[in-house]
Amino acid sequence: MKKFLSEYLRFSKKERWGLFSFVTVLVLLCFLPDWIGNSPADLQEVKLLSSTLDSTLSGSAEPGNDKETYSRYKSHDEKESGFSNKELFYFDPNTISASDWQRLGLNVRTAETIEHYKAKGGRFRKPEDLKKIWGLPPAFFERIQSYIRIDNPEVPSYPAAKNYHSSTTVLQVMLNKSDTADWIALPGIGSKLANRIIRFREKLGGFYAIEQVSETYGLSDSVFQTIKKQLVLDAGLITKIDINTATKEILKEHPYIRWNLAAAIIEYRNQHGPFTALDQIRNIQLVDEKTFLRLQPYLTLQ
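Residues numbered from 1 in each chain as written. Predicted model: local features only at pLDDT ≥ 70, side-chain atom pairs only at ≥ 80, totals over all residues. Heavy atoms only, no water.

1. Some thoughts on the overall build of the protein
Counting its regular elements, the protein contains 13 helices and four strands. In the protein, which comprises 302 residues, the proportion classed as buried is 35%. Long-range pairs, those at least 24 residues apart, make up 55% of the contacts in the protein with a sequence separation of at least 6. Carbon and sulfur atoms make up 56% of the accessible area of the protein, which totals about 19400 Å². (Helix = DSSP H or I, 4+ residues; strand = E, 2+ residues; numbered from the N terminus. Buried < 20%, exposed > 50% of the residue type's maximum accessible area, 1.4 Å probe, protein only. Contact = heavy atoms within 4.5 Å. Areas by Shrake-Rupley, 256 points an atom, 1.4 Å probe, with all protein chains shown as cover.)

2. Things to note about the pattern of salt bridges
On inspection of all chains with the given rule, the structure shows seven salt bridges. The salt bridge involving Asp 129 is made with Lys 126; its shortest N-O contact spans 3.0 Å. Note on Asp 129: relative accessible area 6%, which makes it buried. The shortest N-O distance in the salt bridge between Lys 228 and Glu 211 comes to 3.5 Å. With a gap of 17 residues between them, Lys 228 in the loop between helix H10 (221-227) and strand E2 (231-232) and Glu 211 in the loop between helix H9 (191-204) and H10 connect regions that are remote in the sequence. Judged by its relative accessible area of 30%, Lys 228 is partly exposed. Residue Glu 211 is classed as partly exposed on the basis of its relative accessible area, which comes to 42%. Connected through shared salt-bridge partners, Asp 279, Arg 282 and Glu 289 make up one network. (Salt bridge = Lys/Arg side-chain N within 4 Å of Asp/Glu carboxyl O.)

3. What about a nonpolar patch on the surface?
On the surface, Leu 19, Phe 22, Val 23, Leu 26 and Val 27 cluster together into a nonpolar patch covering about 450 Å² of accessible area. By the element assignment, Val 23 lies in helix H2 (residues 13-38). (Patch = residues over 30% accessible without salt bridge, like charges linked within 9 Å, V, L, I, M, F, W, Y side chains within 5 Å.)

4. Some remarks on helix H6 (residues 108-119)
An ideal rise of 1.5 Å per residue puts 16 Å on twelve residues; H6 measures up with 16 Å between its terminal C-alpha atoms. Of all the residues in H6, the buried ones are Thr 110, Ala 111, Ile 114, Tyr 117 and Lys 118. Along H6, the residues classed as buried sweep out an arc of 120 degrees about the axis, all on the same side. The exposed residues of H6 that point more than 90 degrees off its buried face are Arg 109 and Ala 119. Considering only its buried residues, H6 is in contact with helix H5 (98-103) and helix H8 (180-184). N-cap assignment for H6: the residue whose side-chain oxygen lies 3.3 Å from the backbone N of Arg 109 is Asn 107. Just downstream of H6, Gly 121 is the residue with a positive phi angle, here 105 degrees. (Expected span 1.5 Å × (residues − 1). Arc of directions from axis to C-beta. Polar contact = N/O pair within 3.5 Å; in protein donor to acceptor, adjacent residues only side chain to side chain.)

5. A few points about the nonpolar core
Of all hydrophobic cores here, the largest spans 63 residues; its most connected members are Trp 101, Trp 183, Ile 189, Val 213 and Leu 231. Residue assignment for this core shows that the elements contributing at least two residues are H6, helix H7 (138-144), H8, H9, H10, helix H12 (258-272) and helix H13 (289-295). The element contributing the most residues to this core is H9, with six residues. What Trp 101 contacts, discounting residues up to four positions off in sequence, is Phe 91, Pro 93, Ile 96, Leu 106, Ala 111, Ile 114, Glu 115, Leu 130, Phe 140 and Ile 144. (Core = buried A, V, L, I, M, F, W, Y, C linked by side-chain atoms within 4.5 Å.)

6. Describing the environment of Ala 181
With respect to the helices, strands and loops of the structure, Ala 181 is situated in helix H8. Excluding residues within four positions of it along the chain, Ala 181 makes contact with His 116, Tyr 117 and Lys 120.

7. Structural notes on the environment of Gly 190
Looking at the secondary structure, you find Gly 190 in the loop between H8 and H9. Separated by 57 residues in sequence, Gly 190 and Ile 133 place their C-alpha atoms 7.4 Å apart. Among residues more than four places away in sequence, those in contact with Gly 190 are Lys 132 and Ile 184.

Written out as C-alpha cells, the structure is:
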C-alpha cells in the first residue's frame, strides 16, 4: 500500500503548482459573482466603465483608441444611411451646388445625381420634388425639409435644355439616348419609374416605337398619355439578335421571347438548319402574326 501511494499519489513540484493554480481559479469563479455584486469599489469601477463607453459613443472621449472606435462606428452609420448630420442652413435646391449638398451631409454620388438632373433641365417646384431623386435617403429629406426655400415656384418645372432634341419650349426626350435624369424631368415620372423604363429598354435592345414605353411595369396609361407627346423616336439604335447564332440563354432574356419560344427557335434551327429568311420564324407554332411583328425589329441573320 505504501508503495502504491508513493508511486501514484506523490506529485512533483510542477504538478503541485498546477494543482494549486487550478484550485485557486476554481475558487475565484465560485465567489467572483458575489464579490462583484457586493463590493462598492467594484460597482464604482463598473459605473466608470459605463461612463467611459457612453462618452466614447457620444464623441467626447479623449483622443486614443476609444475615439478611433467611435469614428469607425460613425463612418459605418453614415455609409449605411447615405448621409451624415452636418451643417443645416436655408437653401434653394434649384441654385445650390454639389458642394453645398455635401455641406448638408449628402453623399457625393447623390449630390452629383441632383446636379445632373438640374443640368438636364430639371427643376424643383416644391420640397417634395426632391423625393424623385434616385438614391436620396428619406431620413435626409426629413432632416432638411424645413430648411428648403424655393424661389419663383410658379416657373415651369421642366424647361427645355440645350442638349435636348427640341424645336419648341416643350421638353423632349430621345427614347434610346435618354438617361434616368431625362425621364425624371418628365411629369409623373419619379426615380423608380425612370429606372424601370431604362431597364426595360436595355432588355429589349431599344425602343422601335413610342408605344412600347407604355409596356413598362407600373407606368399608368394616364401618365404615358401625358408624356407621349414629349417622346422622340430614335429607332436607329436598336440592338438585334442573330437567330442563327444566339443561344437559348440569350434568346430567353428578351422580354418578347422568353424561355418557351427560345427553346422552340433552337429546336427548329436544330431540325431545319440555319434560318435563311426572317419570315421562316413564322413556321414555329408559337409565333403568330402579332408576335412576329413585335420580334422582327430585334432579329437579324448572318
